[in-house]
Amino acid sequence: MKKKVIIANWKMNHDFYETTSYLRNLLKIIYENKIHHKKKIIIAPSFPFLHISNQILQGTTLSIAAQNIHQMENGSYTGEVSASMLRSIGIKKVILGHSERRKYFTETNDILIKKIKISLKYGFHIIFCIGETGIDRKKEEHFFTVKKQLEKTIFHFSLEKINSFIIAYEPIWAIGTGNTASPEVVQLMHQYIRSLFLNKYGETVSNDLSILYGGSINDMNARDLFLQKDIDGGLVGNSSLQMKNFLKIIQS
Ligand code: PEP
């Protein structure tokens, strides 16, 4: 049985004190309630707090992910953070392709290929986000959009690299809007995504692949989503900011 993966994407939220006290409290509760072996829990804090966060979670079953990586090795890229810098502080996971990065920072598929390459070079596990807009869905082009996103990014990589990926299906119309996609809608898309991996890489890859859902998950809807056959967990934004809410989602 694959363990469910629950990721908290804190985006540009939580200062030093909030980050460290949240993590210490979360750890305490998760271990006291013996849920640390049941789920794979990953937290993505902001860059300045990755080091201390990683130290707090050292030796536990929880882990830390960066929210981004720059595509170049190093050089004159003011304000950016490289894969080797993150590895030097022990970070081994990264979120790439988030719709907010694609929208506000114009991350194209070509840039994402470079980001994937450098992340793989430094041995990162990649949580890769894909998902259609509301317009795509209205025009009934959502399957096509998601297929194209995969073909133009991850599908450039060979079979041996694919176990470094977790897919997060995040329909853009559901992110931060309160409009969660229904479990049935998500299940259909996840089944489709899995079938694309089956055709491209074969049965073992497609069975082993974790496909998470993201988009307004909360403690009320998480359980029904996670009960679906092809939903292997969730990427949680807003509802992960309060520890109590995030814990309820973990326990769903
Ligand atoms: C996200 O941004 O990845 C996300 C899923 O956000 P929210 O849960 O707030 O919709």
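What counts and what doesn't
- Residues numbered from 1 in each chain as written.
- Predicted model: local features only at pLDDT ≥ 70, side-chain atom pairs only at ≥ 80, totals over all residues.
- Heavy atoms only, no water.
- Helix = DSSP H or I, 4+ residues; strand = E, 2+ residues; numbered from the N terminus.
- Rg over C-alpha atoms; globule rule 2.2 N^0.38 Å.
- Buried < 20%, exposed > 50% of the residue type's maximum accessible area, 1.4 Å probe, protein only.
- Contact = heavy atoms within 4.5 Å.
- Areas by Shrake-Rupley, 256 points an atom, 1.4 Å probe, with all protein chains shown as cover.
- Axes fitted to C-alpha atoms, helices over the stretch in contact; angles between N-to-C directions.
- Left-handed = near helix turned anticlockwise from the far one by under 90°.
- Pairing = 2+ DSSP bridges.
- Near = heavy atom within 4 Å.
- Polar contact = N/O pair within 3.5 Å; in protein donor to acceptor, adjacent residues only side chain to side chain.
- 1 Å grid on protein atoms, 1.4 Å probe; cavity = no way out; pocket = protein on both sides within 12 Å on 5 of 7 lines; lining within 4 Å.
- Points joined across faces, edges and corners; volume = space filled by probe spheres on them.
- Nonpolar A, V, L, I, M, F, W, Y, C, P; charged D, E, K, R; others polar.

(A) Inspection of the overall build of the protein at higher detail. Tallying secondary structure elements over the protein gives 11 helices and eight strands in all. Radius of gyration (C-alpha) of the protein: 17 Å, near the 18 Å computed for a compact globule of 252 residues. Dimensions along the principal axes, computed over C-alpha positions, put the protein at roughly 45 × 45 × 35 Å. Across the 252 residues of the protein, 52% fall into the buried class. Considering only contacts within the protein whose residues lie at least 6 apart along the sequence, 73% involve residues at least 24 apart. Element-wise, carbon and sulfur atoms account for 53% of the exposed surface of the protein, whose accessible area totals about 12400 Å².

(B) The packing of helix H1 (residues 16-32) against helix H11 (residues 243-250), seen in detail. Contact pair H1 / H11: the axes reach a minimum separation of 11 Å and the direction vectors enclose 35 degrees. Crossing of H1 over H11 shows right-handed handedness. Facing Tyr-22, Asn-25, Leu-26, Ile-29 and Ile-30 of H1, the residues of H11 in contact are Met-243, Phe-246, Leu-247 and Ile-250.

(C) Quick look at the sheet that holds strand E8 (residues 233-236). The eight strands are arranged E3-E2-E1-E8-E7-E6-E5-E4 in an open sheet whose pairing can be described as parallel. Both outer strands of the open sheet, strand E3 (63-64) and strand E4 (93-96), are each paired with one neighbouring strand and no more. Bridge count for strand E1 (residues 4-9) against E8 is four bridges, and the pairing is parallel. Looking at E8, one finds that Ile-6 is bridged to Gly-234.

(D) Quick look at the site of the ligand. In the neighbourhood of the ligand, 15 residues make up the surrounding shell, with Lys-11, His-98, Glu-170, Gly-176 and Ser-216 lying closest. Separating an oxygen atom of the ligand from a backbone N or O atom of Gly-237 is a distance of 2.8 Å. Asn-238 places a main-chain nitrogen or oxygen 2.9 Å from an oxygen atom of the ligand. Protein chains bury 99% of the 290 Å² of accessible surface belonging to the ligand in isolation.

(E) Examining the layout of surface pockets more closely. The calculated volume of the largest pocket comes to roughly 510 Å³. Surrounding the largest pocket, 20 residues form its lining, Lys-11, Met-12, Gln-67, Arg-101 and Phe-105 being those nearest its centre. The leading source of residues in the lining of the largest pocket is helix H4 (residues 99-104), at three residues. Taken together, the residues of the lining of the largest pocket break down into nine nonpolar, seven polar and four charged. Put simply, the second largest pocket is a space of about 400 Å³. Considering the residues around the second largest pocket, the lining is formed by 18 residues, among which Asn-163, Phe-165, Ile-166, Asp-208 and Ser-210 are closest to the centre. Elements with a contribution of two residues or more to the lining of the second largest pocket: strand E2 (39-44), strand E6 (165-169) and helix H9 (203-208). Considering only residue class, the lining of the second largest pocket consists of eight nonpolar, four polar and six charged.

(F) The pairing of strand E5 (residues 125-130), seen in detail. In terms of residue burial, E5 counts as a mostly covered element, since five of its six residues are buried. Across four bridges, the pairing between E4 and E5 is parallel. Its bridge partner lying in E5, Ile-95 is registered against Ile-127. Pairing between E5 and E6: five bridges, direction parallel. Its bridge partner lying in E6, Cys-129 is registered against Ala-168.

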